[in-house]
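# Geometric and topological summary
In case you want the letters, here they are:
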Amino acid sequence: MSRWRAICPAKLNLGLHVVGRRRDGYHEIVTIFQAIDLCDVLEGEAAGTLTLEVSAPSIPTDETNLVVKAARLLQDHCPSARGQGARLRLDKAIPVGAGLGGGSSDAAGALVLLNELWGLHLESSVLLALAAELGSDVPFFLSGGTALGTGRGESIEPLPPIADRMVLLGSPPFGLRTPEVYRALDAPLTARRANVTVPRLFVKFAKGNDFALASNDLEAVAFRLRGELVIFRDAVSRSGAEVALVSGSGSTVFGLFRTGTDVSSKAEMLRGEFPGWTLQVCKTIASGVRIVPAVE
Ligand code: C5P
């Protein structure tokens, strides 16, 4: 088989606590990652040079794209990858600057796809280390499902899958830039709170997926930067979500609902109230990036 497709899912943060600032400029965090079935698709075949085409014109296709960075990192790491190229096409479904990890998932997809296309046979521990070099969220996508993230978010410990949930995603017509959100964060305040809420969140979580205490320390910053996010979050809470939160550094707000809930009609209602927002209904999944042969 010469053409392969990497299915690259989005993630939510079912809770995110900033524990402190690190010497390297990053923040120490504790988070629960959850994969969902909103997916980008990266398809490709081996070729003489490396080329990337992207469905969304606003996304760069040059060396700044994380997919290209992943390819270059593999070539730096593996002598046998150096003379090789690939013709890649990325079909985006995950909003950009949304806190859903789209670019990170695409990067993880590129590592797995090119490992196959170039016959590199890299073990998962090596792929994990390369993923962590590409970005803090990238390692999560190699295993996906439900996982505890610590350190920068790159240190991953798989958790038992949560009971299936429906997810309502609301993405406003603007993104938020992760470095700016972290910069605007009031670190001393969150450090005090983290000590209290982290253990309670995880004890509750372990005892049957109780999300009532889930919170995101970056949310207050996102709300300060864009007040319309609070209004949307409150509307999702009122619609009966178990929890409604900003994902990661925003700008997407999500609500979790038990399976069987008619989430589509809630999305329809919110669409009327929030013109310009993209409302999507999806569900939690127990997997991460996976590759499948591409059929013509
Ligand atoms: O690791 P990644 O490249 O995705 O991070 C993007 C930016 O987000 C970093 O340059 C940093 O400003 C911020 N960040 C942080 N602490 C983290 C993760 C990201 O400060 N744990």
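Structure's up top.
As the structure is a prediction and not an experimental result, all values here were calculated from the model.

With that out of the way, let us pick up the overall build of the protein chain. Scanning the protein chain from N- to C-terminus turns up nine helices and 11 strands. Projected onto the principal axes, the alpha-carbon positions of the protein chain cover approximately 55 × 45 × 35 Å. The contacts in the protein chain between residues at least 6 apart in sequence include a share of 76% that link residues at least 24 apart. A total accessible area of about 13000 Å² is found for the protein chain, and carbon and sulfur atoms account for 53% of it. Averaging the coordinates of the 30 positive side-chain charges in the protein chain and doing the same for the 31 negative ones gives two points 5 Å apart.

On to the environment of isoleucine 29. Tracing the sequence through the fold places isoleucine 29 in strand E2 (residues 27-47). Residue classification places isoleucine 29 among the buried residues on the basis of a relative accessible area of 4%. In the structure, isoleucine 29 is positioned 261 residues away from arginine 290 in sequence and 27 Å away in space, judged by C-alpha atoms.

The next thing to look at is the layout of surface pockets. Of the voids in this model, the largest pocket is the one considered here, and its volume is about 1400 Å³. Taken together, 46 residues line the largest pocket, and the ones lying closest to its centre are Leu66, Ser104, Asp137, Thr178 and Pro179. Along the lines of polarity and charge, the residues of the lining of the largest pocket split into 19 nonpolar, 19 polar and eight charged.

Moving on, we come to the packing of aromatic side chains. Applying the stated criterion across every chain, the model contains five aromatic pairs. Measuring from centroid to centroid gives 4.9 Å for phenylalanine 232 and phenylalanine 274, while their planes differ by 75°, and the two rings are edge-to-face. You can see phenylalanine 232 sitting in helix H8 (residues 228-238) and its partner phenylalanine 274 sitting in the loop between helix H9 (263-273) and strand E10 (278-283), a full 42 residues away along the chain. Ring geometry for phenylalanine 274 against tryptophan 277: centres 5.8 Å apart, planes inclined by 65°, an arrangement best described as edge-to-face.

Turning next to the nonpolar core. If you look at the biggest cluster of nonpolar residues, it comprises 42 residues, and the most contacted ones within it are Leu42, Leu52, Leu74, Leu88, Leu111, Leu114 and Trp118. Taken together, the elements giving at least two residues each to this core come down to strand E1 (3-21), E2, strand E3 (50-54), helix H1 (66-77), strand E4 (85-91), helix H2 (102-117), helix H3 (124-134) and helix H4 (138-143). For this core, the element with the highest residue contribution is H2, accounting for eight residues. Core analysis: the next-biggest nonpolar cluster, separate from the first, contains 29 residues, Leu229, Ala235, Phe257 and Val263 among them.

Our focus in this paragraph is the pattern of salt bridges. Summed over all chains, the structure comprises 20 salt bridges. Ionic pairing is found between glutamate 63 and arginine 72, a salt bridge with its closest N-O pair at 3.0 Å. Judged by its relative accessible area of 44%, glutamate 63 falls in the partly exposed class. Its relative accessible area of 29% is what places arginine 72 among the partly exposed residues. Between glutamate 219 and arginine 233 there is a salt bridge, and its shortest N-O distance comes to 3.5 Å.

What follows concerns unusual backbone geometry. In this model, glycine 250 is joined to serine 251 through a cis peptide bond whose omega is 20°. Along the chain, the position of serine 251 falls in the loop between strand E8 (243-246) and strand E9 (253-258). Even without a glycine there, the phi angle at histidine 121 is positive, about 55°. Positionally, histidine 121 belongs in the loop between H2 and H3.

Analysis parameters
Residues numbered from 1 in each chain as written. Predicted model: local features only at pLDDT ≥ 70, side-chain atom pairs only at ≥ 80, totals over all residues. Heavy atoms only, no water. Helix = DSSP H or I, 4+ residues; strand = E, 2+ residues; numbered from the N terminus. Contact = heavy atoms within 4.5 Å. Areas by Shrake-Rupley, 256 points an atom, 1.4 Å probe, with all protein chains shown as cover. Lys, Arg positive; Asp, Glu negative; His and termini not counted. Charge placed at Lys NZ, Arg CZ, Asp CG, Glu CD. Buried < 20%, exposed > 50% of the residue type's maximum accessible area, 1.4 Å probe, protein only. 1 Å grid on protein atoms, 1.4 Å probe; cavity = no way out; pocket = protein on both sides within 12 Å on 5 of 7 lines; lining within 4 Å. Points joined across faces, edges and corners; volume = space filled by probe spheres on them. Nonpolar A, V, L, I, M, F, W, Y, C, P; charged D, E, K, R; others polar. Phe/Tyr/Trp six-rings, centres within 6.5 Å; stacked < 30°, edge-to-face > 60°. Core = buried A, V, L, I, M, F, W, Y, C linked by side-chain atoms within 4.5 Å. Salt bridge = Lys/Arg side-chain N within 4 Å of Asp/Glu carboxyl O.

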